[in-house]
Amino acid sequence: MIVDIQRLKPGQSHGLRSLFQQYVLNKVLYLAGLMLLKRLNKIGQAIRRQQKELLDSIIKANHETKVARHFGLHTISSMEEFRSKVPLTKSSDYEEFSKDVRENGTADVFFPGRADYVAMTSGTTSGKSKHFPKSLKIMKSTMGRWIILSLKCMFDISTNQYLRYWLCVRATVRTTLCPSGVRTGLISGIASSFSLTPYVVPSLVNDMYNEKDVIYLNLIFGLKYPDICNLFFSTAHMANLFFLVLERRWEEVCNDIQAGTISKSISICDKDRLMLCQYLNGGDANRANFLRGEFKKGFLHIVPRIWPECPGLFCLGTGAFQTQVRICFP
């Protein structure tokens, strides 16, 4: 084990305990991901049969819902019949069903049982948020396998088997209640605060609501350490905002890294400020001066210049953010 750990070039920001915890966790996650990948490849060898079985299982589980009855899914017995009866749809086709959940709390609309969260899109493409009722129980039953498989794929990147901390930028989402009493908020609010990967930023930062404060604190902790493994953002919007804040406030961030302090512009209580300063464990003038030199050169391909062994950026997003992400990596 010791030899293998040395081969993986652990980060200097690790302590002995956290190093062994991440080593064991990475091995377990990789093996679990490998088994899921083998299962996925096996499914892919008989894709038409698997598609039919999946469609049958979806119809069987949801045939009594309002949406299923609206499209006549409860009478469908084949893929061909499904294609002929169910047209291509868009989000507006489901607005009345969503409204029923939001206003009346009606059960068995999109899925069996009641919704416990109504996810909202940011509204950046249409100017108006779309609403999607969700069952967190159903989501959690399927999301775990996807997360483990995605981590396995990231571990397969040749430079990504290092035992290092991740930089994770995500703020707690403010939620409200629909007229029916169902909790509603941005889609990113569905994400669990629990994580299997170790992050360089103290956990109390993830409990904050102000996005720009969260980003600033992530910048201080993330930039202080050159051995960050991966960058994780809840959405592509957050990734884009992260680098915009960096461009605008890098001098302030570097001053905090040099002094081991948290800027007074960050709206946190004195207790949290003191705790975060203790986590910083003093200033680092050498790192701050190096960063200043890099930022003065501009921000094209900035990620490999300040985190030379960071192989990837992980986030949920669309093609609209492709150009912004590309400026960070060569």
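Each chain carries its own residue numbering, running from 1 in the direction its sequence is written. pLDDT decides what is reported in this predicted model: residues at 70 or higher carry local features, side-chain atom pairs at 80 or more are listed and counted, and totals for whole chains, interfaces and linings draw on all residues regardless. The basis for every side-chain value is the complete set of non-hydrogen atoms in the structure, without hydrogens or water.

Side note on the sheet that holds strand β2 (residues 131-134)
Right, on to step 1. Strands are labelled as partners when DSSP assigns at least two bridges between them. A run of H or I in DSSP counts as a helix once it spans at least four residues, and a run of E counts as a strand once it spans at least two, with each numbered from the N terminus. Taken in spatial order, the four strands make up an open sheet running β2-β1-β5-β4, and their pairing is mixed. Of all strands in the sheet, those with a lone pairing partner are β2 and β4 (176-177), marking the two edges.
Right, on to step 2. As paired elements, strand β1 (residues 117-120) and β2 share four bridges and run antiparallel to each other. Within β2, the residue paired with M120 across the bridge is H131.

Some points on the packing of helix α9 (residues 236-259) against helix α11 (residues 285-296)
The description of two packed helices rests on the angle between their axes and on the distance between the axes.
Right, on to step 1. One can describe the packing of α9 onto α11 by two numbers: an axis separation of 8 Å at closest approach and a directional angle of 165 degrees. It follows from the interaxial angle that α9 and α11 lie roughly antiparallel. Handedness of the crossing formed by α9 with α11: left-handed. Packed against α9, whose contacting residues are L246, W250, C254, N255, I257 and Q258, the element α11 presents A285, R287, A288, N289, L291, R292, F295 and K296 at the interface.
Right, on to step 2. Residues are grouped as follows: Ala, Val, Leu, Ile, Met, Phe, Trp, Tyr, Cys and Pro are nonpolar; Asp, Glu, Lys and Arg are charged; all remaining types, including Gly, are polar. For the contact of α9 with α11, the class distribution of residues is eight nonpolar, three polar and three charged. Helix axes are fitted only over the stretch in contact, all axes being lines through C-alpha atoms; the angle between N-to-C directions runs from 0 to 180 degrees. Angles are sorted into four bins: roughly parallel if under 35 degrees, roughly antiparallel if over 145, roughly perpendicular if 65 to 115, and oblique for all others. The crossing is said to be left-handed when, going from far helix to near helix, the turn is anticlockwise and less than a right angle, and right-handed when the turn is clockwise. Residues are treated as being in contact if the distance between any of their heavy atoms lies within 4.5 Å.

Brief notes about the pairing of strand β5 (residues 183-186)
Right, on to step 1. Pairing analysis gives three bridges linking β1 to β5, with the strands arranged parallel. Counted as the bridge partner of A119 is G185 from β5.
Right, on to step 2. What sits between β4 and β5 in their antiparallel hairpin is a turn of five residues, with G181 showing a positive phi close to 95 degrees.

Overview of the packing of helix α2 (residues 16-44) against helix α7 (residues 136-155)
Right, on to step 1. Contact geometry of α2 with α7 gives a least axis separation of 8 Å together with a crossing angle of 105 degrees. If you check the angle between α2 and α7, you find them roughly perpendicular. Between α2 and α7, the residues in contact are N26, L29, Y30, A32, G33, L34, L36, L37, R39 and L40 and R145, I148, L149, L151, K152 and F155, respectively.
Right, on to step 2. Split into classes, the residues belonging to the contact of α2 with α7 amount to eleven nonpolar, two polar and three charged.

A word on the sheet that holds strand β3 (residues 167-169)
Right, on to step 1. The strand order across the open sheet formed by three strands is β3-β6-β7, and the pairing between neighbours is parallel. For this open sheet the edge positions go to β3 and β7 (312-314), each flanked by a neighbour on one side alone. Strand-to-strand, the axes of this sheet are offset by a mean angle of 15 degrees, without reference to chain direction.
Right, on to step 2. Here three bridges tie β3 to strand β6 (residues 230-233), and the two strands are oriented parallel to one another. Counted as the bridge partner of C168 is F232 from β6.

Examining the confidence of the model for the chain
Right, on to step 1. Confidence in the prediction for the chain averages 84 pLDDT; 90% of positions are at 70 or higher.
Right, on to step 2. Model confidence for the chain, summarised as mean pLDDT per element, is weakest for helix α13 (residues 322-326) at 51 and strongest for α11 at 96. Per-residue confidence from the predictor is reported as pLDDT, a score between 0 and 100.

Details of the environment of R183
Right, on to step 1. Residue placement: R183 occurs in strand β5.
Right, on to step 2. Setting aside chain neighbours within four positions, we find R183 in contact with D116, Y117, V118, L136, T175, T176 and L177.

Considerations on the pattern of salt bridges
Right, on to step 1. The term salt bridge refers to a pairing of a side-chain nitrogen on Lys or Arg with a carboxyl oxygen on Asp or Glu at a separation within 4 Å. Scanning the model with the defined rule gives ten salt bridges in all.
Right, on to step 2. The partner of R249 in a salt bridge is E252, with the nearest N and O atoms 3.1 Å apart. Note that R249 and E252 are positioned in helix α9 at a spacing of three residues, about one turn of the helix.
Right, on to step 3. For R249, a relative accessible area of 21% translates into the label partly exposed.
Right, on to step 4. Only protein chains enter the calculation, and the probe is 1.4 Å; a residue is then buried if its accessible area is under 20% of its type maximum, exposed if over 50%, and partly exposed in between. Assessed through its relative accessible area of 26%, E252 is described here as partly exposed.
Right, on to step 5. Here E294 and K297 are joined by a salt bridge, their closest N and O atoms 3.0 Å apart.
Right, on to step 6. Looking at K297, the relative accessible area reads 61%, which means it is exposed.

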